[in-house]
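Structural overview
Spelled out from the first residue to the last, the chains are:
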Amino acid sequence: MKQKKLLSIIGTVFFTILCFTWVLPVLIVLMDSFKSRTFISLQPFNFPTELTFVGFENYMQAIDYYGFLDAVGWTVFITVGSVLVILICCSMCAWFITRVANRFTKGVYLLCVLSMVVPFQMVMFTLSLVADRLGLSTPWGIIIVYLGFGAGLAVFMFCGFVKSIPIEIEEAALIDGCSPIRTFFNVVLPIMKPTYISVAILQAMWIWNDFLLPYLVLDTTEYKTISIVIQFMKGSYGRVDMGAIMAALIMAVIPVVIFYLLCQKHIIKGVAAGAVKG
């Protein structure tokens, strides 16, 4: 009993230290977002004082001068649109692959899995050229690009979950007169809810924080995501608006953290459900 109690105490202390290590950088950024630009560089780890405190000036600078709210709007549009397209298309693809087992579907599944192995750096220059030629350099065009990059993981997880669904349920729906499309949306899709939530969380966090893909594909003179706007806060000749950057980082982190906290209980459940062997 004493040994178990000691191990429990050690585990608690280790977990607390680990959590503090992860949270500390965010707290430092939050403190610096309320300081003047000069003192962020001179006293980055000190709490704001009467001399260094500037209130919400950095936040207003990020919103008014750099157009942060416009970037938030485009980022929300791209993230929500991409996640919805990935969820619908990849879940239907996974259901078809699992239920129609032939050489073609096996080949499609292998291509989806192999796409997770290919590094983005190998295709990014060709991708930017193709996207420009096909007119995908817009917020609605980049959704198609995200579908291609997100399909590998999504199809893999959805296929694992579909294998655990008894096929008798779908056969009963077909006997009752449901078409394949209606069977999917009325029967299969509600059962796949845990994996839907898990895939949505993973894809949303990736797309929301992504910088390189929007920077390569989008026409940054017209459309900027949050990551691109933060990068543009670093001006020419080494000028960096650290106050606006800190404020923008806090405003960018808050939505995705809230989304993650609301849905975190579904992650393990969904990932475990998608790991069923067929």
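This text gives an overview of the structure that appears in the document. The structure presented is a predicted model; accordingly, all values stated were derived computationally and were not measured.

**Focus on the overall build of the chain**
Looking only at helices and strands, one finds 14 helices and 0 strands in the chain. Moving toward the C terminus, one meets the helices and strands of the chain in the order α-α-α-α-α-α-α-α-α-α-α-α-α-α. For the C-alpha atoms alone, the extent of the chain along its principal axes is close to 75 × 70 × 35 Å. Considering only contacts within the chain whose residues lie at least 6 apart along the sequence, 72% involve residues at least 24 apart.

**Brief notes about a nonpolar patch on the surface**
The grouping of F14, L18, F20, W22, V23, L24, L27 and L30 at the surface amounts to a nonpolar patch, some 810 Å² of accessible area in total. Looking at the element boundaries, L24 is found in helix α1 (residues 2–32).

**Remarks on the packing of aromatic side chains**
Where two aromatic rings form a pair, the distance of their centres and the angle of their planes describe that pair. Throughout the structure, instances matching the rule amount to 16 aromatic pairs. Pairing F184 with F185 gives two aromatic rings, centres 5.1 Å apart and planes at 85 degrees, and the pair type is edge-to-face. When its relative accessible area of 1% is taken as the criterion, F184 is described as buried. Linked through ring pairs, F34, F53, F56 and Y59 together constitute an aromatic cluster. The ring of Y109 carries K163 above its face, with NZ or CZ at 5.8 Å from the centroid.

**Focus on the layout of surface pockets**
Estimates place the volume of the largest pocket at around 430 Å³. Elements that contribute at least two residues to the lining of the largest pocket include exactly α6 (124–133), α7 (142–162) and α10 (193–209). Residues belonging to the lining of the largest pocket are distributed by class as follows: 15 nonpolar, 6 polar and no charged. Quantified by volume, the second largest pocket comes out at close to 280 Å³. As for the second largest pocket, its lining consists of V76, T79, V80, V83, L84, L87, A200, A204, W208, P255, V256 and F259.

**Here we look at the packing of helix α5 (residues 103–115) against α7**
As a packed pair, α5 and α7 sit with axes 7 Å apart at the nearest point and diverge in direction by 125 degrees. In this view, α5 runs oblique relative to α7, as classed from their interaxial angle. Between α5 and α7 lies a crossing of left-handed hand. Where α5 abuts α7, its residues Y109, C112, V113 and S115 lie against G152, V155, F156 and C159.

**Notes on the side chain of Q203**
Here Q203 shows up in helix α10. Looking at Q203, the relative accessible area reads 4%, which means it is buried. Separated by 3.2 Å, the side chain of Q203 and the backbone oxygen of G150 make a polar contact. In this structure Q203 touches V83, I86, G150, L153 and A154, once residues within four positions along its chain are discounted.

**Considerations on the nonpolar core**
One finds L87, C90, I142, F158, M192 and L213 to be the most contacted residues of the largest nonpolar core, which totals 38 residues. With 11 residues, the single largest contributor to this core is α7. If we ignore the near neighbours within four places in the chain, the residues touching C90 are V85, L147, A151, A154, V155 and F158.

**Brief notes about the environment of I191**
Here I191 is to be found in helix α9 (residues 180–191). Considered as a pair, I191 and G67 are 124 residues apart in the sequence and their alpha carbons are 42 Å apart. In contact with I191, not counting residues within four places along its chain, are F161, I165 and I169.

**Some points on helix α13 (residues 242–263)**
Taking 1.5 Å as the rise per residue, α13 with 22 residues should run 32 Å; its terminal C-alpha atoms sit 32 Å apart, in good agreement. Among all positions in α13, only G243, A244, I245, M246, A247, A248, I250, M251, A252, V256 and C263 are buried.

**Quick notes on the side chain of S137**
In this fold, S137 is placed in the loop between α6 and α7. A relative accessible area of 15% means that S137 is categorised as buried. Among the polar contacts made by the side chain of S137, one reaches the main-chain carbonyl oxygen of V217 at a distance of 3.1 Å. Beyond its immediate chain neighbours, meaning those up to four positions away, S137 contacts A131, D132, V217, L218, D219 and Y223.

Rules and cut-offs
- Residues numbered from 1 in each chain as written.
- Predicted model: local features only at pLDDT ≥ 70, side-chain atom pairs only at ≥ 80, totals over all residues.
- Heavy atoms only, no water.
- Helix = DSSP H or I, 4+ residues; strand = E, 2+ residues; numbered from the N terminus.
- Contact = heavy atoms within 4.5 Å.
- Patch = residues over 30% accessible without salt bridge, like charges linked within 9 Å, V, L, I, M, F, W, Y side chains within 5 Å.
- Areas by Shrake-Rupley, 256 points an atom, 1.4 Å probe, with all protein chains shown as cover.
- Salt bridge = Lys/Arg side-chain N within 4 Å of Asp/Glu carboxyl O.
- Phe/Tyr/Trp six-rings, centres within 6.5 Å; stacked < 30°, edge-to-face > 60°.
- Buried < 20%, exposed > 50% of the residue type's maximum accessible area, 1.4 Å probe, protein only.
- Lys NZ or Arg CZ within 6 Å of the ring centre and 35° of its normal.
- 1 Å grid on protein atoms, 1.4 Å probe; cavity = no way out; pocket = protein on both sides within 12 Å on 5 of 7 lines; lining within 4 Å.
- Points joined across faces, edges and corners; volume = space filled by probe spheres on them.
- Nonpolar A, V, L, I, M, F, W, Y, C, P; charged D, E, K, R; others polar.
- Axes fitted to C-alpha atoms, helices over the stretch in contact; angles between N-to-C directions.
- Parallel < 35°, antiparallel > 145°, perpendicular 65-115°, else oblique.
- Left-handed = near helix turned anticlockwise from the far one by under 90°.
- Polar contact = N/O pair within 3.5 Å; in protein donor to acceptor, adjacent residues only side chain to side chain.
- Core = buried A, V, L, I, M, F, W, Y, C linked by side-chain atoms within 4.5 Å.
- Expected span 1.5 Å × (residues − 1).

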